[in-house]
Amino acid sequence: MHLSMHNWMRSEPLEVTLARLKRCGYGSIEIKGEPDQYDTSEVRDLLKKYELDCWGAVTLTLGDRNLCAKDEAQRAATVQYMKDVVTMVKELDGHEVTIVPATVGKVEPDATPDEEWQWAVDGLKEVHEVASAAGVRMAIEGLNRFETYFVNRGDQALALADAVAPDVGICLDAFHMNIEEIDFYQAIRDAGDRLVDFHVADNNRMACGMGALDWAKIVGTLQDVGYDGALTVEFVAPVDRTPANKFPDAVETNPVDISAEELQFIIDHGSSLLSEEFYDMLVEKCATTLLPLI
């Protein structure tokens, strides 16, 4: 098991991200699923420079990206996007692609459960053909009910993975699990060797160790089931706009370029553009909490 991290939560040059991860003892990055933003040859050079691996990528299912959309062209564009993410991961020698099937933040269905299920299965089977040929493993991730109506729990993600192919696994996320699972630890045990990726943030979606989750027990349970992949940090720090704010310098005052859709994605997660100082602290806190356990 090793420590990894997403990079969609703060818009900054990739080299700044990788230098921070190296400094804090991380082993890899789960890179933002935006293939058009990266020249993979340049990314490979940066990874080599900072002695880090690409663990994989996560699909940013924002905007019109949705495997459950009623519109056939929209579904087809989403499938192509996910194939492009797989190709990016292959070119970076990555291991997996974590896939959120439906648009994040969309909580109203487009059609019947049977129709949407079949659309998602059909789309994922197309993606699987490309992933299988590339040697990249797919992991279906469920999100909490306030972010999607489609897949919320580990057993639902397993059912979807089973419907696609035997080698498709799942990704569990501690933040979402804390909301949706009846038994947090049994969900890990039930995933077993189908667990491909594990995302980490505390119950308040702050850095690990800044909330109420028992990280020693979580990591111990992962070790018990033989999980040997990444603990991928994905905090999405809430911004306090009240006098109770403990972090007055949390928000970036000189924002860098970021697409309107990606900025809205961060805002919809209850966060904002975070200052480098605050972000550095959160990244380091996750490392000091988790590295001694793994």
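Structural data are supplied above this passage.
Since this is a predicted model, take the numbers as computed values, not measurements. Going along each chain's sequence as written, the residues are numbered from 1 onward. Totals for whole chains, interfaces and linings use every residue, but because this is a predicted model, local features are given only for residues with pLDDT of at least 70 and side-chain atom pairs only at 80 or more, for both listing and counting. In computing side-chain values, all of the structure's heavy atoms are included and hydrogens and water are not.

## Considerations on the side chain of T59
Stage number 1. Runs of E in the DSSP output that reach at least two residues are strands. Runs of H or I that reach at least four are helices, and both are numbered from the N terminus. Note that T59 resides in strand β3 (residues 53–59).
Stage number 2. Looking at T59, the relative accessible area reads 3%, which means it is buried.
Stage number 3. Here a polar contact is taken to be a pair of N or O atoms separated by no more than 3.5 Å, where protein atoms must pair a possible hydrogen donor with a possible acceptor and residues adjacent in sequence count only if both atoms sit in side chains. Polar contacts involving the side chain of T59 include one to the main-chain amide nitrogen of V100, which spans 3.1 Å.
Stage number 4. Those residues in contact with T59, other than ones at most four positions away along the chain, are Y81, M82, V97, T98, I99 and V100. Partly exposed residues are those whose accessible area sits between 20% and 50% of the maximum for their type, while under 20% is buried and over 50% is exposed, using a 1.4 Å probe and protein chains only. Contact definition: two residues touch when any of their heavy atoms are within 4.5 Å.

## Re unusual backbone geometry
Stage number 1. Not every positive phi belongs to a glycine, and E51 is a case in point at roughly 55°.
Stage number 2. Summarising the element assignment, E51 is placed in the loop between α2 (40–49) and β3.
Stage number 3. Under the relative-accessibility criterion, E51 is labelled exposed at 60%.
Stage number 4. Positive phi values are uncommon outside glycine, yet R205 reaches one of about 65°.
Stage number 5. Examined against the element boundaries, R205 turns out to sit in the loop between β7 (195–200) and α8 (215–224).
Stage number 6. Taking relative accessible area as the criterion, R205 reaches 5% and is therefore assigned buried.

## Some details on the pairing of β7
In summary, the side chains of a regular strand alternate between the two faces of the sheet.
Stage number 1. Extensive coverage of β7 is indicated by the burial of six of its six residues.
Stage number 2. Direction of pairing for strand β6 (residues 169–173) relative to β7: parallel, over a ladder of four bridges. The residue bridging D173 from the neighbouring strand is H199, located in β7.
Stage number 3. At least two bridges found by DSSP between two strands is the condition for calling them paired. One ladder, built from three bridges, connects β7 with strand β8 (residues 230–233); its direction is parallel. Following the sheet pairing, V200 is matched in β8 by V233.
Stage number 4. Following the backbone out of β7, through α8 and into the adjacent parallel β8, one traces a crossover that is right-handed. Orient the strands so they point away from the viewer; a crossover is then right-handed if the path from the first strand over the helix to the second runs clockwise.

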